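Reading the structure
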Amino acid sequence: QVQLVESGGGLVQPGGSLRLSCAASGFTFSSYAMSWVRQAPGKGLEWVSGLNNDGGWTLYADSVKGRFTISRENAKNTLYLQLNSLKPEDTAVYYCAKSKGMGYDVWGQGTQVTVSS
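My aim in this report is to walk through the structure given alongside it, one point at a time. All values reported here derive from a predicted model rather than from experimental measurement.

For the chain, the helix and strand inventory stands at 0 helices and 11 strands. Scanning the chain from its N terminus toward the C terminus, one meets helices and strands in the order β-β-β-β-β-β-β-β-β-β-β. In terms of overall dimensions, the chain is globule-like: its C-alpha atoms have a radius of gyration of 13 Å, near the 13 Å expected for 117 residues. If one aligns the C-alpha atoms of the chain with their principal axes, the spans along those axes are about 40 × 25 × 25 Å. Put simply, of all contacts in the chain between residues at least 6 apart along the chain, 52% involve residues at least 24 apart. Total accessible area on the chain stands at roughly 5,900 Å², and carbon and sulfur atoms take up 49% of it. Distance from the positive charge centre (10 side chains) to the negative charge centre (8 side chains) of the chain: 1 Å.

Below is the structure:
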């Protein structure tokens, strides 16, 4: 069964940090590019960051560049997103997604990140 399971979300104050994890199973994780996508309350999906199958290249949305870091550990079938200098506008449900072509074919259930004082 192909599955992605996110964890690590929570409530954090502005300026704080979190590390999100995404555990993959049921497919050859090391063969696929992966991404993080978020959805803020009342808004559509926003791509946040992506990386290729070996982590050799990474991309970030302008809104998170310099604050978030994407990484992966293929030996553990796990994708990560380090969130630093968090802002209230980063509040969203964060999803990891497996790339397929120009889109995604597998999504996790999401983890809530809330940035508030």
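Let's shift gears to the sheet that holds strand 1 (residues 3-7). For sheets, the rule is that strands pair by backbone hydrogen bonds, running either parallel or antiparallel. With respect to topology, 4 strands assemble into an open sheet ordered 1-3-8-7, the strand pairing being antiparallel. Across the chains shown, the open sheet's two edge strands, defined by having one partner strand only, are strand 1 and strand 7 (68-73). Taken pair by pair, the neighbouring strands of this sheet meet at an average axis angle of 15 degrees, ignoring direction.

Let's shift gears to a nonpolar patch on the surface. Residues Leu45, Tyr104 and Trp107 make up a contiguous nonpolar surface patch of about 290 Å² in total accessible area. The residue Leu45 is located in strand 5 (residues 45-51) in this model. According to the relative accessible area criterion, Leu45 is exposed, its value standing at 53%.

Quick notes on the rules
Residues numbered from 1 in each chain as written. Predicted model: local features only at pLDDT ≥ 70, side-chain atom pairs only at ≥ 80, totals over all residues. Heavy atoms only, no water. Helix = DSSP H or I, 4+ residues; strand = E, 2+ residues; numbered from the N terminus. Rg over C-alpha atoms; globule rule 2.2 N^0.38 Å. Contact = heavy atoms within 4.5 Å. Areas by Shrake-Rupley, 256 points an atom, 1.4 Å probe, with all protein chains shown as cover. Lys, Arg positive; Asp, Glu negative; His and termini not counted. Charge placed at Lys NZ, Arg CZ, Asp CG, Glu CD. Pairing = 2+ DSSP bridges. Axes fitted to C-alpha atoms, helices over the stretch in contact; angles between N-to-C directions. Patch = residues over 30% accessible without salt bridge, like charges linked within 9 Å, V, L, I, M, F, W, Y side chains within 5 Å. Salt bridge = Lys/Arg side-chain N within 4 Å of Asp/Glu carboxyl O. Buried < 20%, exposed > 50% of the residue type's maximum accessible area, 1.4 Å probe, protein only.

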